[in-house]
Each structure stands twice: as C-alpha cells, then as structure tokens.
Amino acid sequence: MESTEKIRRDKNIIKQISGAEAVIHCLLLEGVDLIYGYPGGAIMPVYDELFKFQDKIHHILTRHEQGAVHAAQGFSRTSGKVGVAVATSGPGATNLITGIADALIDSTPIVCITGQVASHLLGTDAFQETDIIGISIPVTKWSFQITKASEIPSAMAKAFYIARSGRPGPVLIDITKDAQFEFFDFEYEKCLGIRSYNPFPEINLEKIDEAINFINNAKKPLIVWGQGVLLGKAEDELKSFVEKSGIPAVCTILGLSALPTSHPLNMGMVGMHGNYAPNLLTNECDVLIAVGMRFDDRVTGDLKTYAKQAKVIHLEIDPSEINKNVIADTFILGDCKKSLDLLHKKVRQNDLSLWINRFKKLKKIEYKKVIKDDLFPTKKGLTMGEVIESINKYSKGDAIIVSDVGQHQMVACRYAKFNNSQSNITSGGLGTMGFALPAAIGAKMGAPEREVVAIIGDGGYQMTIQELGTIFQTKVAVKIVVLNNEFLGMVRQWQQMFFDKRYASTKMVNPDFVTIAKGYNIDSIRVKERNQLDSAVKEMILSQKPFFLEVCVEKEDNVFPMIPSGASVSEIRLE
Amino acid sequence: MKLKTYTISVYSENNVGLLNRVSAIFLKRHINLDSFSSSESEIKDVFRFVIVVKVSFDKIDNLVKQIEKQVDVIKAFYHTDEETIFQESALYKVKSNSLFEERQIQNIIKQSHANIVTVSPEFFVIEKTGFRDETEKLYNDLKPLGLLQFVRSGRISVTKSKMGISEILNTFKENNKKN
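Keep in mind the model is a prediction, meaning the values are calculated, not measured. (Residues numbered from 1 in each chain as written. Chains lettered and ligands numbered in written order. Predicted model: local features only at pLDDT ≥ 70, side-chain atom pairs only at ≥ 80, totals over all residues.)

Undergrad: Residues and numbers for the overall build of chain B, please.
TA: Broken down by element type, chain B carries 6 helices and 9 strands. Since a compact globule built from 179 residues should have a radius of gyration of about 16 Å, the 20 Å found for chain B marks it as more spread out than a globular shape. Along the first, second and third principal axes, the C-alpha atoms of chain B reach 70 × 40 × 30 Å. Sorting the 179 residues of chain B into buried and exposed places 24% on the buried side. Across chain B, contacts joining residues at least 24 apart in sequence account for 75% of those joining residues at least 6 apart. (Helix = DSSP H or I, 4+ residues; strand = E, 2+ residues; numbered from the N terminus. Rg over C-alpha atoms; globule rule 2.2 N^0.38 Å. Buried ≥ 20, exposed ≤ 12 C-beta atoms within 10 Å, placed from the backbone. Contact = placed C-beta atoms within 7 Å.)

See the structure below:
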C-alpha cells in the first residue's frame, strides 16, 4: 500500500490499482478523512479498501443510510468541508434520497457514493438494482454513473469541485461493481474548472454603485441575510457592513448565527415564526438588502404584498434565484464575501435612530405578549422556550444547536443564543423530520471541540432513533434534548387553528425514552417539573459523554408569532 | 397571464442523463413540451436541444435560468417566433392506388410544394418541410383520402441573432490558463 504522500510526489500516479482503491485515493487527495455509510453487496469492494486504509479514513457506520447522509450534512455544516456518505445499490441508494433532497434545498456540499450492480447487469432488474441516477436527478446538483475504473479519478474530482463551488449542493457518484474490481493506472488531477459551469460570476461594479445609491439615500433600510453568508464565509464582511452603515439586520432561519444574537443591530429572524419587528417592518422599509437568501415562501408569505414599497437589492451567487420570487430593483450576482466588502467600502452612515427605535418598540410588544411567557412562564406546565433558555444559560451561547423539524425547531431557532457562526444546524427548506439526531452526530465530528446540543421533538426523534446505536458505538458526545409534548405539535397547532381542532393522527403514545437511552448505555434524565430543569441541563452540559435529556413539556402549547400560510408578513399574529 | 410560444435553445455537453435533467425541470413545473429535438451543434462535442413550450412571459426567464443552472449546460437561450427561423418536417404515408383513384391527390402534392420520398406498389411517402400550419394543412387535405401513417418532427430552429457559444468556451479556456 502506497502512502498518499508518496503518490503526491509522483504526480498522483499509481500503477495498476483497483477502481475501489482508486476511490479511496481520490477521497484522500480531496482531504477527506471521515465518511459515513452502510455497506452492502454492490459497494463491498470499496469497503474492503476502507478496511485496508482504516488508519487514514475513518468510516462511521450509521444504522440507516438516511442517518449517513444527514450525518454528512451535519459534518459539512460545522466543518465547512464536503461531507461524504457511502451506500450500496438499490435500497441503500434510495435511502439516501431524503438527505440528498435536503442538501440540495439547503445548499449543503456533500458527495454520495453508491455501489451499483455490474455494468453487464444494468437494465436487467438485477438483485438490488435501481436506477439511482434517474431517481436522484431532480435532487442532485450533479450526478454521474461510472462503469469503467478509468472514469473514477475525473468523476470524483468533478464531484468534489461541483459540490463545494458556487452555490454548494449534493453530488451523487454511482459506481458499478465491475468498475470497482477493474485494475487500471491511477492518475489524479484536481478539478479546477468545467467549461459548462461558471460558479464564480464576476461582480458587476456598476451594480455596486447602483445599490450604494439606493442604500445611501435610504431612510429605512433593512438587511435580510441568509445562509449564503455562512456558505460564503462572509460573516466578517457582513458585520463590517452592518456596523459601518448602522443598518438593522435580520436573518432567515438558515442565516442564524452568522451575526451574534447579542449584536445590537441584529434584530432577529424573519419568517412564519420569526420575530415580530423583522416581519412587520419588511413591509415598511424603503430599501431591502437581501444577502445570500432566496425569498422562500416561509419568509415572504404572500408575495403580492411582500415589501412592495421597498427597493429590493439582491446579493446572490445563483443566477436562477434572481427575480425568481421577488423582482429585484438591482441585483449583485456573485460571491457575497466580495460584494459585501465592495458595499462596505462605499456605504455611508445615515442617522437611522428613529427607524431602529421602531424595531425596539415592536420587540417590546413581542416580549410582553409572547417571549416573557415562553421563557419565564408562570403557568404550571413546562414550555419549550424555558428549556432553550436554560441551555443558553449553561452553554453560555457557545453551543451548536441542531434542531429537527416542528414546534421545537421554531422555538429553538427563536430563542437559542449564538455567539459563534456555524452554530445553527437545522433542516430549513425541506423540513425533514428525523434530521437532527444523525446531523448532530456529524456536527459534533465536524467540530469536536464544540458543544453540540440536538433539540428534537418526540415525533422526529422516532424517525431516526436508531442512530442512538451510532452514538453508542462511536461514543460521540452529543447532547440530545427531546421536548416531549406527546403530539406532532406543529401539525396539531395547525389542526387547532385551521381545522377546528380535529386532531387527526397527531396524538402520540410514546415509549419510555429514558429506558431506550439506557439500553444504549447513554446517561439520561427525564424532567417533568420546573425545579428539576436547570440542574438537569447543567449536568448535561457538564458531561463529557453522550447525554439524553427528555423534558415533558406542556402538551398543547402553540408557537407564536405566526404568519398564517399564504398571508402577508404584515398579518403576523402574536396570539 | 397570457401564454406565448417560446423556442428554448440549449447548448450542452453530450452527457448521459442531461436529457432527464432538462425534462425534469419542465415536469417539476407541470409544463408540457410542444416539441423537443436534439442534435449536434455547429461546435464539435457540443449538443443542442431545441425545445418549444407555451408559457407566460414571467415564467420563461426563470425556466431558462433553471436549465442553464445544470452543470452540463453551457448556455440556454429563449426566443419568440419572430426572433427565429424555424421549420418542421412531416411524413405522410398514403396507399399507392389512391394516387390513381383520388385524382386530387396529385394537385394537393403540387400545391403544397411537398416531395414524394418513396414509391412502392403498396404505398408512397410524401415529405413536407415548413411551418406548422403548412404541414397541418397537408395533413387535413390528405386525411379524407386515406392516410396510412403520419409523423411530424420537432421544431428545428436557428436564431436571427448570434449565439456566441464559441466565445463562451474560449473564455473558459483563457480563465483556466490563468488559474
């Protein structure tokens, strides 16, 4: 076995190795040392090589392929690297699909490698054959089927380049079993460009001037930033721009943590369950500066009434997002790290104190009507909000919060304090229940020195609960908090509000979660009373091991504020 | 909004699966294709799809951007009928004896400027290239006289304006040299 150092010296050429071994060398040359996956017939040659290279590449065996792909996503989102998931053909490959779709809509760079039946069997309905290329086309940024070992280096190099460049996304590489067995002369060249693909659009300086003209003359400007800031590593540029201009800034759910929660100009979150002021004032601002976000319907509500009074400036790297949902008065196509820097150089500070006071006043209203009772309740039942507040207290806002999908997700994103970037991992666009537990495993491995707390509902927890096995086996120190209301809470809330309280199939009869955690040898506590909460959270945060905390919260609490589906952002309800 | 006919031209790599990628974009938006054809283009190793759709003006731009977003697509354009030169071909298979029994067939062929491609004792095949209404008129004229088979190609079209694909590919080469 030749070392990677050796092949680097030899211009990455190795004589006569198998396709399967070539896959490993490609991963090593792309700097990958940690992958997630699940073996099976059609990918066994690759696993055989993983066995030989186990000192160089660490493979995490998840308990389901969906767990592998979500873990790869979590890893990518805290490490900033490309996540890798491996699965076999047929059901192994189809089990990846939900995670791939999630990664596409949330722009997460991952490379999925699937085994495939031998090329002479393609199209014969062979055992565990499925057309995974066909199935994955609508949910991948790019996909490629390899039927000859000689195609492996170039396809793998392209896969990593495409996954991480421009607007990142998932790539799927399907490798037939005969290509894995075939011997060939391996030669690797990193991909530096593809002629049909331009991930780095050049910034048009005239557009910068046009935007600056709007911004410098604005009386009520508003910045709405999204995940593009994190993906483009533009946190510092955003902060400088915000501070120099003095413009209030709000974010989408995936933009959270790019600017610290405590920053005086961070006015909170927009969206269906976002903050009161950001949503209401979207329809009052005179210039809306959208940075690395895509005007999702959960952000805009009814488009016909969304920010119609404002000049819209859209900073975006993906040309297909421009004018897709909201027509921009001017747009700056390109990397927001560069465009924010260019704006920062030319922006002028205006006196916006009256405008900023509007945010403060509305925030007070939201505090009085919603936040106070969420965080410091006087009623008997525990609220989800006070659990998050307790986590804030003991993690001091330094934890990575991984949330699943539903009420607890909205509460976690509303109340979690973030001091550092890349601290909010959640399934935003696809809303994948079952995301958080495996994603937290990946998130912790992507940032091992940081505290990772997964906040999960009792519904979503049971969708990927098998990944407790992965935690047990790897001893990865994730902290799991299940907020148990014995309901599919968000659906129940909608049934209460819009379906006359007909709670169809939302009541859950749950197992004893603490006993289950004990079965996996994970330290666990159940909290039913308020006076037990703080000490339990403290014990969890102080623990150096995996930890499970179940909090039995009020069963029929609702999440507010809320913009009813299809309504205008101005119609945000506080109760 | 009012629907309008657009011709979408897609220049791309000839990769397996790209056809599915492009058609998936229409499927996802529930848009029917009026016609679809693909062939080599004027540039070596570059393929060209010509797709005809009826969509509203506010949709077409987004649709074409989604196509262009595909990694293997070099460039995609859309044009109105006025901006393109386009043609379709149709083949009509007719029983040979009707050529003698139905005298007006000869006149129809002459008037429509159609060609006879092949003649056999059982049938003969007429070919007509032109606009949709021309091939349709011939279809309507021949139908009562007994059509054995009819087939029409997708639209092929070239634009009045320049496409500049070679320039795009050259810029890529230059940029790559710089890197």
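Undergrad: So what about the overall build of chain A? Which residues, and what values?
TA: Secondary structure summary: chain A contains 24 helices and 20 strands in total. A compact globule built from 575 residues should have a C-alpha radius of gyration of about 25 Å, and chain A, at 24 Å, falls within 12% of that. Evaluated residue by residue, chain A yields a buried proportion of 56% over its 575 residues. Of all intrachain contacts in chain A linking residues separated by at least 6 positions in sequence, the fraction that spans at least 24 positions is 77%.

Undergrad: With reference to specific residues and values, describe the sheet that holds strand β10 (residues 249-251) of chain A.
TA: All names here are of chain A. The strand order across the open sheet formed by 6 strands is β11-β10-β9-β12-β13-β14, and the pairing between neighbours is parallel. Looking at strand neighbours, the two that pair on one side only are β11 (266-269) and β14 (330-333), the edges of this open sheet. Each neighbouring strand pair of the sheet contributes to a mean axis angle of 20 degrees, computed without reference to strand direction. Direction of pairing for strand β13 (residues 311-316) relative to β14: parallel, over a ladder of 4 bridges. Looking across to β14, one finds that Leu 315 is bridged to Ile 332. (Pairing = 2+ DSSP bridges. Axes fitted to C-alpha atoms, helices over the stretch in contact; angles between N-to-C directions.)

Undergrad: Please set out the pairing of strand β5 (residues 110-116) of chain A residue by residue, giving values where relevant.
TA: Residue and element names in this part refer to chain A. Burial runs high along β5: 7 of the 7 residues are buried. By the alternation rule, side chains of β5 split into Ile 110, Cys 112, Thr 114 and Gln 116 and Val 111, Ile 113 and Gly 115, which are all buried. One ladder, built from 5 bridges, connects strand β4 (residues 83-87) with β5; its direction is parallel. Each bridged residue has a counterpart across the sheet, and for Val 84 the counterpart in β5 is Val 111.

Undergrad: A description of the interface of chain B and chain A should follow, citing residues and the corresponding values.
TA: At the junction of the two partners, chain B supplies 21 residues and chain A supplies 18 residues. Going through the elements one at a time, α1 (18-28), α2 (57-69), β4 (73-80) and α6 (165-178) of chain B are the ones with two or more residues in the side of chain B that touches chain A. When residues in the side of chain B that touches chain A are grouped by element, the largest group, 5 residues, is from α2(B). When grouped by side-chain class, the residues that make up the side of chain B that touches chain A number 6 nonpolar, 8 polar and 7 charged. (Nonpolar A, V, L, I, M, F, W, Y, C, P; charged D, E, K, R; others polar.)

Undergrad: Tell me about helix α16 (residues 353-375) of chain A, and please be specific about residues and values.
TA: All names here are of chain A. End to end, α16 covers just 29 Å across 23 residues, shorter than the expected 33 Å (1.5 Å per residue, more than 12% under). At Tyr 367, α16 shows its strongest bend, of approximately 55 degrees. Inspection of α16 places Trp 355, Phe 359, Glu 366, Val 370, Ile 371 and Asp 374 among the buried residues, and these make up the whole buried set. Residues of α16 that are buried in the fold lie against β11, α13 (276-282) and α17 (384-395). (Expected span 1.5 Å × (residues − 1). Bend = angle between axes of the 7 residues up to and from the residue.)

Undergrad: For the confidence of the model for chain B, give the residues involved together with the corresponding values.
TA: The predicted coordinates should not be examined in detail at positions where pLDDT is low. Summarising the model, chain B shows a mean pLDDT of 91, and 98% of its residues fall at 70 or more. This complex was scored by the predictor with a pTM of 0.95 and an ipTM of 0.91. (pLDDT = per-residue confidence, 0-100.)

Undergrad: Describe in detail the domain arrangement of chain A, supporting the description with residues and values.
TA: Residue and element names in this part refer to chain A. Domains assigned within chain A are domain 1 (4-187), domain 2 (205-359) and domain 3 (380-552). Placing the centre of domain 1 and that of domain 3 at their C-alpha centroids yields a distance of 30 Å. Each partner contributes to the interface: domain 1 provides 25 residues, whereas domain 3 provides 27 residues. Take the side of domain 1 that touches domain 3: its biggest share by element is 12 residues, from helix α4 (residues 65-79). (Domains from an automatic or database assignment.)

Undergrad: Lay out the packing of helix α2 (residues 19-29) of chain A against helix α3 (residues 44-52) of chain A in plain terms, naming residues and giving numbers.
TA: Residue and element names in this part refer to chain A. One way to put it is that α2 packs onto α3 with a least axis distance of 8 Å and a crossing angle of 55 degrees. On the basis of the axis angle, α2 is oblique to α3. Crossing of α2 over α3 shows right-handed handedness. Of α3, the residues touching α2 (which contributes Ala 20, Glu 21, Val 23 and Ile 24) are Pro 45, Val 46, Asp 48, Glu 49 and Leu 50. Looking at the contact of α2 with α3 residue by residue, the classes come out as 6 nonpolar, no polar and 3 charged. (Parallel < 35°, antiparallel > 145°, perpendicular 65-115°, else oblique. Left-handed = near helix turned anticlockwise from the far one by under 90°.)

Undergrad: Can you break down the nonpolar core residue by residue, with the values?
TA: Generally speaking, soluble globular proteins have nonpolar side chains that are buried together. Core analysis: the biggest nonpolar cluster contains 183 residues, and Ala85(A), Val111(A), Ile173(A), Leu288(A), Val291(A), Ala454(A) and Val481(A) have the highest contact counts within it. For this core, the leading source of residues is helix α8 (residues 152-164) of chain A, giving 8 residues. With near-sequence residues (within four places) excluded, Val111(A) lies in contact with Val82(A), Val84(A), Ala159(A), Phe160(A), Ala163(A), Val171(A) and Ile173(A). Core analysis: the next-biggest nonpolar cluster, separate from the first, contains 19 residues, Ile8(B), Val55(B), Val64(B) and Ile67(B) among them. (Core = buried A, V, L, I, M, F, W, Y, C linked by C-beta atoms within 7 Å.)

Undergrad: Describe the confidence of the model for chain A, listing the residues and the values that go with them.
TA: The share of residues in chain A with pLDDT of 70 or more is 98%, and the mean pLDDT across the chain is 96. Contacts from residues 1-10 of chain A, a stretch scored under 50 in pLDDT, to residues over four places away or in other chains number 9 contacts.

Undergrad: Please provide a residue-by-residue account of helix α22 (residues 489-498) of chain A, values included.
TA: Residue and element names in this part refer to chain A. Inspection of α22 places Gly 489, Met 490, Arg 492 and Gln 493 among the buried residues, and these make up the whole buried set. Down the axis of α22, the buried set is contained in an arc of 160 degrees. They therefore lie on one face. The first or second residue beyond α22 is Asp 500, which carries a positive phi of 50 degrees. (Arc of directions from axis to C-beta.)

Undergrad: I'd love a proper account of unusual backbone geometry, names of residues and values included.
TA: Residue and element names in this part refer to chain A. Look at the link from Phe 560 to Pro 561: it is a cis peptide, with omega at 0 degrees. Within the element layout of this structure, Pro 561 appears in the segment after β20 (547-552). We note that Asn 323 has phi near 65 degrees; this positive angle belongs to a residue other than glycine. Structurally, the position occupied by Asn 323 is in the loop between β13 and β14. Taking the number of C-beta atoms within 10 Å as the measure of exposure, Asn 323 has 18 and is therefore partly exposed.

Undergrad: I'd like to hear about the sheet that holds strand β3 (residues 47-56) of chain B, residue by residue, with values.
TA: Residues and elements named next belong to chain B. Spatial ordering of the open sheet is given by β2-β3-β1-β4, a layout of 4 strands whose pairing is antiparallel. Where the open sheet ends on each side, the last strands, each with one partner, are β2 (33-40) and β4. Each strand of the sheet is rotated relative to its neighbour by a mean of 20 degrees, with strand direction disregarded. The sheet contacts of α2 involve β1 (3-12), β3 and β4, and relative to β4 the element is tilted by about 160 degrees.

Undergrad: Describe the packing of α17(A) against helix α24 (residues 530-542) of chain A, and please don't skip the residues or the numbers.
TA: All names here are of chain A. Relative to each other, α17 and α24 sit at 45 degrees, their axes nearing to 9 Å. Here α17 lies oblique to α24, going by the angle between them. The element α17 and its partner α24 pack so that their crossing is right-handed. Each of Glu 386, Val 387, Ser 390, Ile 391, Tyr 394 and Ser 395 in α17 lies in contact with α24, whose residues at this interface are Leu 533, Asp 534, Val 537, Lys 538 and Ile 541. A breakdown of the residues in the contact of α17 with α24 according to their chemical character gives 6 nonpolar, 2 polar and 3 charged.

Undergrad: If you had to explain the environment of Ile13(A) to someone new, which residues and values would you point to?
TA: In this fold, Ile13(A) is placed in strand β1 (residues 13-18). Apart from the residues lying within four places of it in its own chain, the contact partners of Ile13(A) are Phe186(A) and Glu187(A).

Undergrad: Residues and numbers for the environment of Ile247(A), please.
TA: Summarising the element assignment, Ile247(A) is placed in the loop between α12 (235-245) and β10. Put simply, Ile247(A) and Lys360(A) are 113 residues apart on the chain and 14 Å apart in space, counted from C-alpha to C-alpha.

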